[in-house]
Number of protein chains: 14
Amino acid sequence: MDNVTIIAVASIITAGITTGIGSMMPALGEGRAVAKALESIAQQPDAAPTITRTLFVGLAMIESTAIYCFVLSMILIFANPFWNHFIA
Amino acid sequence: MDNVTIIAVASIITAGITTGIGSMMPALGEGRAVAKALESIAQQPDAAPTITRTLFVGLAMIESTAIYCFVLSMILIFANPFWNHFIA
Amino acid sequence: MDNVTIIAVASIITAGITTGIGSMMPALGEGRAVAKALESIAQQPDAAPTITRTLFVGLAMIESTAIYCFVLSMILIFANPFWNHFIA
Amino acid sequence: MDNVTIIAVASIITAGITTGIGSMMPALGEGRAVAKALESIAQQPDAAPTITRTLFVGLAMIESTAIYCFVLSMILIFANPFWNHFIA
Amino acid sequence: MDNVTIIAVASIITAGITTGIGSMMPALGEGRAVAKALESIAQQPDAAPTITRTLFVGLAMIESTAIYCFVLSMILIFANPFWNHFIA
Amino acid sequence: MDNVTIIAVASIITAGITTGIGSMMPALGEGRAVAKALESIAQQPDAAPTITRTLFVGLAMIESTAIYCFVLSMILIFANPFWNHFIA
Amino acid sequence: MDNVTIIAVASIITAGITTGIGSMMPALGEGRAVAKALESIAQQPDAAPTITRTLFVGLAMIESTAIYCFVLSMILIFANPFWNHFIA
Amino acid sequence: MDNVTIIAVASIITAGITTGIGSMMPALGEGRAVAKALESIAQQPDAAPTITRTLFVGLAMIESTAIYCFVLSMILIFANPFWNHFIA
Amino acid sequence: MDNVTIIAVASIITAGITTGIGSMMPALGEGRAVAKALESIAQQPDAAPTITRTLFVGLAMIESTAIYCFVLSMILIFANPFWNHFIA
Amino acid sequence: MDNVTIIAVASIITAGITTGIGSMMPALGEGRAVAKALESIAQQPDAAPTITRTLFVGLAMIESTAIYCFVLSMILIFANPFWNHFIA
Amino acid sequence: MDNVTIIAVASIITAGITTGIGSMMPALGEGRAVAKALESIAQQPDAAPTITRTLFVGLAMIESTAIYCFVLSMILIFANPFWNHFIA
Amino acid sequence: MDNVTIIAVASIITAGITTGIGSMMPALGEGRAVAKALESIAQQPDAAPTITRTLFVGLAMIESTAIYCFVLSMILIFANPFWNHFIA
Amino acid sequence: MDNVTIIAVASIITAGITTGIGSMMPALGEGRAVAKALESIAQQPDAAPTITRTLFVGLAMIESTAIYCFVLSMILIFANPFWNHFIA
Amino acid sequence: MDNVTIIAVASIITAGITTGIGSMMPALGEGRAVAKALESIAQQPDAAPTITRTLFVGLAMIESTAIYCFVLSMILIFANPFWNHFIA
């Protein structure tokens with residue numbers, strides 16, 4: 001394996017693993033938040049607007065950690081400084 | 001193994017693993033959200049429309065993390081920049 | 001092992017692992033959703049149609065993550081672009 | 001090991017592992033669904049037909065993920081395109 | 001190790017592992033279903049026939065996933081197409 | 001290691017592992033079923049015959065998965081077709 | 001290592017591992033069953049004979065899976081057909 | 001592999017793993033916090049402003065641990081002192 | 001390493017591991033049984049003799065699985081047929 | 001790999017892993033603390049100032065363990081005595 | 001490494017691991033038993049003598065599994081038959 | 001790798017791992033303690049001073065185990081006797 | 001590595017691991033026992049002397065398993081018969 | 001690597017791992033004990049002195065297992081008999 005191949009392989013594997021494991025827990029955390037939101041709406045229908053609004057802000061926070069991972073993977077695939085260094 | 005083979009193997013394995021582990025927790029999180037939605041509808045049938053609407057928005061958020069993984073796998077298989085570099 | 005063999009072996013193993021681990025959590029999540037649906041029907045028989053309808057939409061969402069994995073495995077076995085490249 | 005042997009070994013091992021791990025969680029999910037069905041029937045005997053019907057649809061959905069794995073294993077053993085390529 | 005030995009060893013190990021791990025979760029799921037059945041009979045003795053009937057259908061579904069694994073192991077030991085190919 | 005030794009070693013190890021891991025979860029599932037049976041008898045002594053009968057049928061189902069593993073181990077030790085092939 | 005040594009080592013290690021992991025879950029399952037039995041006796045002292053009888057039958061069933069492992073280990077140590085083959 | 005390649009590979013893999021595992025638990029912790037916030041609002045709608053305010057401060061604290069990991073990954077990719085040393 | 005040394009090392013390691021892992025779960029199961037016994041005595045002091053008697057029978061059953069492991073370890077250390085074969 | 005490269009690689013990997021695993025549990029612990037704080041405010045709105053104050057002190061304590069890890073990583077990257085020794 | 005060294009190393013490591021893992025679960029089981037004893041005494045102070053007596057018998061049983069491991073380790077260090085054989 | 005490099009690498013990796021895993025559980029334990037403190041204050045506002053004082057003493061005890069790890073890491077990086085021996 | 005070094009390394013590593021893993025579960029078990037003791041005292045202050053006495057006896061029993069590990073580590077470091085044999 | 005280096009490396013790594021894993025569970029156990037203490041004080045403020053006293057004795061017992069590990073690490077770093085032997 002020459003150097004360029006090694007960089008490419010490392011980038012491919014790391015991008016996949018990062019997105020894979022990085023989207024596990026956000027999904028679980030969002031599932032828990034959504035579940036509780038539904039339970040709360042059923043319990044107190046009058047507070048539905050407040051609950052829904054807080055839920056969406058919370059989901060955005062949680063989703064952000066999954067997006068960190070996805071962004072990092074995209075950087076490694078399409079804007080990898082190490083790859084650019086070796087190609088250049 | 002020559003360089004092209006290595007890139008191909010790494011792409012195949014990473015694509016599979018990423019989709020595989022990346023669809024575990026979304027499924028579990030969605031299962032929890034759906035379960036709570038059903039429980040909430042049974043408890044407060046009048047709030048069913050609000051619950052169902054919130055559920056679908058939540059499921060879309062959760063599903064999005066699984067889709068990040070699937071998209072990444074598709075990129076690695078059908079639009080892999082490293083593979084294109086070595087083929088070219 | 002020549003290159004074609006390596007690609008074949010990686011495709012076989014990845015296809016199996018992806019479907020194997022990718023169908024674990026959807027099954028568990030569906031089991032939880034179905035269980036809660038039955039409990040909710042028993043608790044509120046009048047809401048059975050709403051519950052059943054919501055359940056089926058939810059099951060379809062959860063099943064979709066398992067289908068991503070199965071589709072990816074089928075692509076790797078029957079429509080593998082890397083395999084086609086090396087065969088050609 | 002020549003190439004044909006490698007393909008055979010990979011197919012055997014992958015077929016076994018896929019069916020093995022792929023039938024773990026469906027069994028657990030079905031167990032949970034059946035358990036809740038029995039509990040619900042005991043709690044509300046009048047709703048038994050609705051519960052039983054919903055249960056069977058749910059079990060079929062859950063069983064489907066186990067069947068994906070079993071189908072994939074059968075494909076790898078009896079209709080393996082890579083094996084056919086090397087035998088031909 | 002010549003080729004025939006390798007196929008034999010892979011078949012033996014895979015058959016054992018598949019049956020071993022494939023019979024773990026069905027046993028656990030059946031245990032849970034049986035436990036709930038007994039609890040439900042104690043709670044509602046009049047519904048015992050319905051509960052018992054539903055239980056047996058459910059156990060059969062759960063047992064089926066264990067049987068997939070056992071069938072696959074038997075195929076690998078007594079009707080292995082790869083073994084037959086190398087012996088022939 | 002010559003071929004006969006390899007087959008023997010693989011058979012010994014697989015037989016042990018299969019029985020070992022294959023008898024873990026049945027024991028746990030049976031423990032749970034027995035525990036619930038005792039609890040149910042204490043709660044509803046009049047239903048003891050029905051409970052005991054259902055318990056024994058259920059234990060037999062659960063035990064069957066442990067027996068699959070034990071049977072497979074016995075086949076590998078005393079009626080191993082691969083071993084017979086190499087000895088012959 | 002000559003062939004006889006390999007068989008001996010594999011038998012020793014497999015015998016130990018099989019008994020070791022095979023006696024974990026039966027112990028846990030029996031502990032759970034005994035615990036529930038005691039709780040049930042305290043709750044319903046009049047049903048003590050029925051509970052005790054059911055408990056012992058259940059313990060025997062659970063113990064049987066541990067005994068499968070112990071029997072297999074004894075076979076591997078004292079009546080190992082592969083060892084006898086190589087010694088002969 | 002020459003030295004520059006090694007540094008690049010280590011940086012790529014470490015950046016991915018760090019962000020991947022570092023965004024797991026914050027997502028889970030935020031999910032729990034959001035879930036409880038929704039439950040609390042439903043229980044005491046009058047305290048919604050206090051709850052929401054405390055929630056956002058808490059989410060910021062939790063998010064900070066995920067950001068430590070993301071910052072470290074960015075440093076390793078775009079401002080890596082070891083890489084600069086070897087390039088220089 | 002000559003053959004006698006290998007047998008000795010395998011026996012030492014296996015004996016230790018078997019006793020080590022084999023005494024984990026019995027201890028946990030006994031702890032659970034004893035805990036429930038104490039709880040039951042506190043709840044129903046009049047049933048203390050029955051509870052204590054059942055407890056001791058149960059502890060003996062659970063302890064038996066730990067003793068299987070200890071016996072096997074003693075056999076491997078002090079009455080190892082393979083060791084005797086090689087020494088002879 | 002020469003000595004300087006080894007030190008650099010070890011520092012990069014260790015810095016990443018330390019921050020990655022070191023920010024897992026603080027995030028989870030803070031999530032639990034925040035969740036309980038919200039629940040407590042909803043239950044006793046009058047005690048909100050005391051609760052909020054105690055919460056922030058507690059969060060600072062928990063955050064401190066994550067900061068230990070981040071500080072260590074920064075030392076390894078920007079003020080590594082071993083690296084300085086080899087560069088000098 | 002000559003044979004005597006190998007035996008010594010295997011004995012040292014096995015002795016440590018056996019005692020280490022063998023004292024984990026007894027400690028946990030005893031902790032659970034003691035905790036329940038204290039709870040029971042607080043609930044029913046009059047039954048304290050019976051509870052304490054049963055507790056000590058139970059602790060002795062649980063401790064026995066930890067002692068099996070400790071005894072085995074002492075045998076391996078101070079009365080190792082394999083070591084004596086090689087020294088002699 | 002010469003000796004000084006090995007010592008440096010071992011010190012770097014060990015320092016990182018020790019602080020990383022050593023700050024996991026203290027964070028979790030502190031999170032639990034803080035959570036309960038908040039719950040207790042909400043339940044009994046009058047006891048807030050006693051609770052807060054006990055909480056801080058407890059947090060200090062828990063933090064001390066994290067500090068052991070941090071101190072050890074600092075010793076390994078800045079006052080390592082083995083490193084000093086080899087440098088001298 | 002000569003023989004004396006190997007013995008020393010094995011002793012160092014085993015001593016550390018044994019004490020490390022051997023002090024995990026006792027700490028957890030003691031934490032549970034102490035927690036329950038405090039809860040019991042709060043529930044029944046009059047029984048505090050009996051509870052405290054039973055607690056200390058129980059803690060001594062649990063601590064004993066941690067001490068087994070510590071003693072074994074001290075033996076391996078300061079009174080190691082194998083080390084003495086090789087030094088002599 | 002010469003012998004002195006090996007001893008140093010083994011001592012460094014073992015010291016770190018021992019303190020790292022040895023301070024996990026004490027922290028968790030202390031967290032649980034402190035949490036229960038706070039809950040108990042809130043429930044029964046009059047018993048605060050007894051609870052606090054018992055808590056501190058218990059914390060000291062739990063902390064002792066963490067201290068065993070720290071002491072062992074300090075011995076390995078600053079008073080290592082094997083290191084002294086090789087240096088001498």
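Parameters and conventions
- Each chain has its residues counted from 1, running along the sequence as written.
- Here the convention is simple: chains get letters from A, ligands get numbers from 1, in the order in which they are written.
- A pLDDT threshold of at least 70 governs which residues receive local features in this predicted model, and a stricter bar of 80 or more applies before side-chain atom pairs are shown or counted, although totals over entire chains, interfaces and linings include all residues.
- Side-chain measures were taken over the full set of non-hydrogen atoms in the model, leaving aside hydrogen atoms and water.
- UniProt positions are given in the numbering used here, feature names are shortened, and annotations may be inferred rather than shown by experiment.
- Superposing copies: least-squares fit, C-alpha atoms only, residues required to have pLDDT of at least 70 in both.
- Note on contacts: a residue pair is in contact if any heavy atoms of the two residues lie within 4.5 Å.
- Think of each axis as a best-fit line through the C-alpha atoms, taken over the contacting stretch in the case of a helix, with angles from 0 to 180 degrees between the N-to-C directions.
- Segments assigned H or I by DSSP are reported as helices when at least four residues long, segments assigned E as strands when at least two residues long, and all are numbered from the N terminus.
- The cut-offs work like this: below 35 degrees is roughly parallel, past 145 is roughly antiparallel, 65 to 115 is roughly perpendicular, and the gaps in between are oblique.
- By salt bridge we mean one thing: a side-chain nitrogen of Lys or Arg within 4 Å of a carboxyl oxygen of Asp or Glu.
- Burial here depends on accessible area, computed with a 1.4 Å probe over protein chains only, as a share of the maximum for the residue type. Under 20% is buried, over 50% is exposed, and the range in between is partly exposed.
- The pLDDT score gives, residue by residue, the confidence of the prediction method on a 0 to 100 scale.
- As a working rule, the residues Ala, Val, Leu, Ile, Met, Phe, Trp, Tyr, Cys and Pro are called nonpolar, Asp, Glu, Lys and Arg charged, and the rest polar, with Gly in that last group.
- Each cavity reported here is a set of points on a 1 Å grid over the protein atoms alone in which a 1.4 Å probe fits but cannot get out, each pocket an open set with protein on both sides within 12 Å along at least five of seven lines, and each lining residue one with an atom within 4 Å of a point.
- Grid points are joined across faces, edges and corners, and a volume is the space filled by probe spheres set on the points.
- Accessible surface is computed with a 1.4 Å probe, and the buried area is the amount of it that two parts give up when combined, taken over both parts together.
- Whenever two N or O atoms come within 3.5 Å, that pair is a polar contact, provided that in protein one can donate a hydrogen and the other can accept it, and provided that, for residues adjacent in sequence, both atoms are side-chain atoms.

Looking up chain A in an unreviewed UniProt entry gives the name ATP synthase subunit c, with the organism given as Gelidibacter gilvus. Recorded in UniProt under Sequence similarities (unreviewed entry), the annotation for chain A is "Belongs to the ATPase C chain family."

This part covers the relation of the copies chain N and chain L. When chain N is brought onto chain L, the operation consists of a screw motion whose angular component is 26° and whose axial shift is 0.0 Å, with 0.0 Å RMSD remaining. Taken as a fraction of all interface residues of chain N, those also at the interface in chain L reach only 16%, which identifies the copy contact as different-surface.

This paragraph deals with the packing of helix α2 (residues 24-43) of chain I against helix α3 (residues 48-78) of chain I. Angle between the axes and distance between the axes: these two values describe a pair of packed helices. Residues and elements named next belong to chain I. Between α2 and α3, the least distance of the axes is 10 Å, while the angle of their chain directions is 175°. Regarding the angle of α2 to α3, the classification is roughly antiparallel. Each of P26, G29, E30, A33, V34, A37, S40 and I41 in α2 lies in contact with α3, whose residues at this interface are A48, I51, T52, L55, L59, I62, E63, T65 and A66.

Spatially, chain H is disjoint from chain I: no contact exists, and the shortest C-alpha separation is 29 Å. At no point do chain A and chain L touch; the closest pair of C-alpha atoms across them sits 17 Å apart.

Another point: the pattern of salt bridges. Residues and elements named next belong to chain H. Counted according to the given criterion, the structure contains 28 salt bridges over all chains. For the salt bridge of E39 with K36, the shortest nitrogen-to-oxygen distance reads 3.3 Å. On the criterion of helical spacing, the pair formed by E39 and K36 is a turn pair, its members being three residues apart in helix α2 (residues 24-43). The exposure class of E39 is partly exposed, given its relative accessible area of 23%.

Below, the discussion takes up the UniProt feature "domain: V-ATPase proteolipid subunit C-like" (unreviewed entry) in chain A. As recorded in UniProt, the feature "domain: V-ATPase proteolipid subunit C-like" (unreviewed entry) lies at residues 13-76 of chain A. End C-alpha atoms of residues 13-76 of chain A are separated by 10 Å, and the span's content is 92% helix alongside 0% strand.

Attention now moves to the confidence of the model for chain A. Atom-level detail of predicted coordinates should not be read off regions where pLDDT is low. In this model, chain A carries an average pLDDT of 92, and 99% of its residues clear a pLDDT of 70 or more. Mean pLDDT per element in chain A: helix α4 (residues 81-87) of chain A is the minimum at 91, and helix α2 (residues 24-43) of chain A is the maximum at 94.

By a frequent convention, interface size equals the accessible area lost on bringing the separate parts together. Taken together, the 44 residues of chain N in the interface contact 40 residues of chain L. Summed over the shared surface of chain N and chain L, the result is one salt bridge. Residue composition of the side of chain N that touches chain L, grouped by class: 31 nonpolar, eight polar and five charged.

Mapped onto the present numbering, the UniProt feature "transmembrane region" (unreviewed entry) falls on residues 6-28 and 55-79 of chain A. The distance separating the terminal C-alpha atoms of residues 55-79 of chain A is 34 Å; by composition the span is 96% helix and 0% strand.

Of the pockets and cavities examined, the largest pocket occupies roughly 240 Å³. Looking at the lining of the largest pocket, its residues break down into four nonpolar, no polar and ten charged.

A word on the interface of chain A and chain B. In this assembly, 44 residues from chain A lie in contact with 40 residues from chain B. Summed over both sides, the interface of chain A with chain B buries roughly 3,800 Å², with 80% coming from carbon and sulfur. Across the contact surface, chain A and chain B share one salt bridge. Scanning the region where chain A abuts chain B turns up eight residue pairs in polar contact (both at pLDDT 80 or more). Broken down by secondary-structure element, the contributors of at least two residues to the side of chain A that touches chain B are α1 (3-22), α2, α3 (48-78) and α4 of chain A. Its residues placed into classes, the side of chain A that touches chain B shows 31 nonpolar, eight polar and five charged.

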